[in-house]
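Now for the letters of each chain:
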Amino acid sequence: MGSGAAMGSGAAMGSGAAGGPGHGAPLCPCPSPPPPPPAPRCPRGSRRLSETGAGARRSEGAAGRGGLRAAASLPHIARGRGEEGGGRRSPCLLVALRPRNVEAERERFFRASFAYDPQFEYAEPVPAAVLDKYGAASDRFVAQAIRIIRAVLEKYGTYESFEVATGGRLLSKCQIWSVIRKYMQKEGCVGEVVVQLTDDLLSQAVMMVEDSRPTLAINLAGARQHWLEGMLRHEIGTHYIRGVNNTRQPWHSSEGRKQYSLKPANPTEEGLASLHSVLFRKQPFLWRAALLYYTIERASHLSFSALFQDLEQYVQDAGVRWEYCVRAKRGQTDTSQPGCFSKDQVYLDGILRILRHRQTINFPLLAALGKVSYEDVNRLKEFGVLDKARIPHFMQDLERYMKQLDHIVTTNGLNEEELEQLLPD
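First, a word on what this report is: a plain description of the structure on this page. Note that the structure is predicted; figures quoted are calculated from it, not measured. (Residues numbered from 1 in each chain as written. Predicted model: local features only at pLDDT ≥ 70, side-chain atom pairs only at ≥ 80, totals over all residues. Heavy atoms only, no water.)

## A word on the side chain of threonine 268
Phase 1 of the analysis: Take threonine 268: it is sitting in helix α10 (residues 268-278).
Phase 2 of the analysis: Other than its neighbours up to four places away in sequence, threonine 268 contacts Arg242, Ile354, Leu366, Val372, Ser373 and Tyr374. (Helix = DSSP H or I, 4+ residues; strand = E, 2+ residues; numbered from the N terminus. Contact = heavy atoms within 4.5 Å.)

## A word on the pattern of salt bridges
Phase 1 of the analysis: Applying the stated criterion across every chain, the model contains 17 salt bridges.
Phase 2 of the analysis: Among the salt bridges present, the one from arginine 390 reaches glutamate 192, with a minimum N-O distance of 2.6 Å. Residue arginine 390 is found in the loop between α16 (377-380) and α17 (398-411), and its partner glutamate 192 is found in the loop between α7 (173-187) and β3 (194-198); the two are separated by 198 residues along the sequence.
Phase 3 of the analysis: In this structure glutamate 192 comes out as buried when scored by relative accessible area, which is 13%.
Phase 4 of the analysis: Glutamate 399 is the salt-bridge partner of lysine 403, the closest N and O atoms lying 3.6 Å from each other. Taken together, the residues lysine 403 and glutamate 399, both in helix α17 and four residues apart, mark about one turn of the helix. Comparing lysine 403 with glutamate 399 shows no difference in burial state: the two are exposed.
Phase 5 of the analysis: Three or more residues joined by partner-sharing salt bridges are found here, namely Lys186, Glu229 and Arg233. (Salt bridge = Lys/Arg side-chain N within 4 Å of Asp/Glu carboxyl O. Buried < 20%, exposed > 50% of the residue type's maximum accessible area, 1.4 Å probe, protein only.)

## Quick notes on unusual backbone geometry
Leaving glycine aside, a negative phi is the common case for residues, and trans is the common case for peptide bonds.
Phase 1 of the analysis: In this model, asparagine 266 is joined to proline 267 through a cis peptide bond whose omega is 15°.
Phase 2 of the analysis: When you line up the elements, proline 267 lands in the loop between α9 (254-259) and α10.
Phase 3 of the analysis: Although it is not a glycine, aspartate 211 adopts a positive phi angle of roughly 55°.
Phase 4 of the analysis: Secondary-structure assignment places aspartate 211 in the loop between β4 (205-210) and β5 (213-219).
Phase 5 of the analysis: Backbone geometry at serine 261 places phi at a positive 55°, although glycine is not the residue there.
Phase 6 of the analysis: Within the fold, serine 261 resides in the loop between α9 and α10.

## As for the pairing of β4
Phase 1 of the analysis: Among the six residues that make up β4, six are buried, leaving the element largely enclosed by the rest of the structure.
Phase 2 of the analysis: Here six bridges tie β4 to β5, and the two strands are oriented antiparallel to one another. What sits directly across from valine 206, in β5, is alanine 217.
Phase 3 of the analysis: Turn length for the β4-β5 hairpin, with the two strands adjacent in sequence and antiparallel, is two residues, and the turn residue aspartate 211 shows positive phi of about 55°. (Pairing = 2+ DSSP bridges.)

## Side note on the packing of helix α3 (residues 102-111) against helix α13 (residues 318-329)
Phase 1 of the analysis: Taken N-terminus to C-terminus, the directions of α3 and α13 make an angle of 130°; their axes are 12 Å apart at the nearest point. As far as their axial angle goes, α13 and α3 are oblique. Note on packing geometry: the crossing formed by α3 with α13 is right-handed. Taken together, the residues of α13 that come into contact with α3 (itself represented by Val102, Glu105, Arg106, Phe109 and Phe110) are Ala318, Gly319, Trp322 and Val326.
Phase 2 of the analysis: Split by residue class, the contact of α3 with α13 holds six nonpolar, one polar and two charged. (Axes fitted to C-alpha atoms, helices over the stretch in contact; angles between N-to-C directions. Parallel < 35°, antiparallel > 145°, perpendicular 65-115°, else oblique. Left-handed = near helix turned anticlockwise from the far one by under 90°. Nonpolar A, V, L, I, M, F, W, Y, C, P; charged D, E, K, R; others polar.)

## Topic: the pairing of β3
Phase 1 of the analysis: For β3, a buried count of five out of five residues is recorded, marking the element as mostly surrounded by other parts of the structure.
Phase 2 of the analysis: With burial as the criterion, each face of β3 is covered, one bearing Val194, Gln196 and Thr198 and the other bearing Val195 and Leu197.
Phase 3 of the analysis: Sheet analysis places β3 next to β5, joined by five bridges and oriented parallel. Opposite threonine 198, over in β5, you have asparagine 219 as the bridge partner.

Interpretation in functional terms is not warranted from these geometric data alone.
Set out below in structure tokens:
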């Protein structure tokens, strides 16, 4: 585990988690690391709110927990937003779906020259309701996903070249702390979020409520010069701010959501956060969301080994391909059978829906109303508690914000006519 620091006192997060007194040293540009906090593994009593990025190399001690190796090219897994506000505590989905023998099966797979279908084992049976909910893949946006992937490869040759060219260099701990502090100041939330820097994390970043405190853990291996602020826009500027605003709304509980007949917050929540990850990049390609969407669709028809071979046309790095395949096949025991875990398709789905309707969405209101779908914004505005609502700093200049969304559309080879045909009113 790397270093951690508490950014002052806690604050409300998600569906009513109350903040408590601060822990550790205040955040500074280059703090002396306090004693390392426990690894953010969704411990009992905590809830993981979102996860950004891919599986990072875990320590030897983590291997027994089924930790994944490095692949900083995957987007986050987030907790199902339909579960917000409920009093029933459920196990962390990420932990439940992580094969406990993933490292052993990885070694066997590579020793077999990729001609083997892993047989995954899980610490606990994967809930049947979860497998049923995410057992079917969609092919609705496959053509768009492939076009985005190919656009990246045509411009940069390989994903690895794209990552280096657009992500920039990996940052030191001191540089990471400096970026985090400046970003928290921009959002006016210094003193509200516990931040941990770690090299023992499954993903690039994970946002959770731990001991009633909003906690953001950031993977040192995935913090790149030009991408770190995008991750903060994703986790803090989207998930955290909408979560704080949500606690003040009459629909902050599951009962309230039913009372107001709210649609699920996803795919809006993850689509919006994913757009904010690439916002202001010179080349805001939606590679991660596109490749995951494609991988899951293919996994529904292919075995693990066949899927791995299929992805070679887009990803040369065998380690990265392994991560995408594990992510798409998680929940399965015998991966020689077709099948997928379709949850990660929500990112591209949400992105395209928001881009399709971006001219009619009131984005500041979408943030202010909390964990709501863009489809519910207009009818909820008269019931929402908007006094002192937080709006992400990057939405303050709405004209610039909208131009950036237009730039994302153009960069990824999309157009208005196509989006309207894909998603008619």
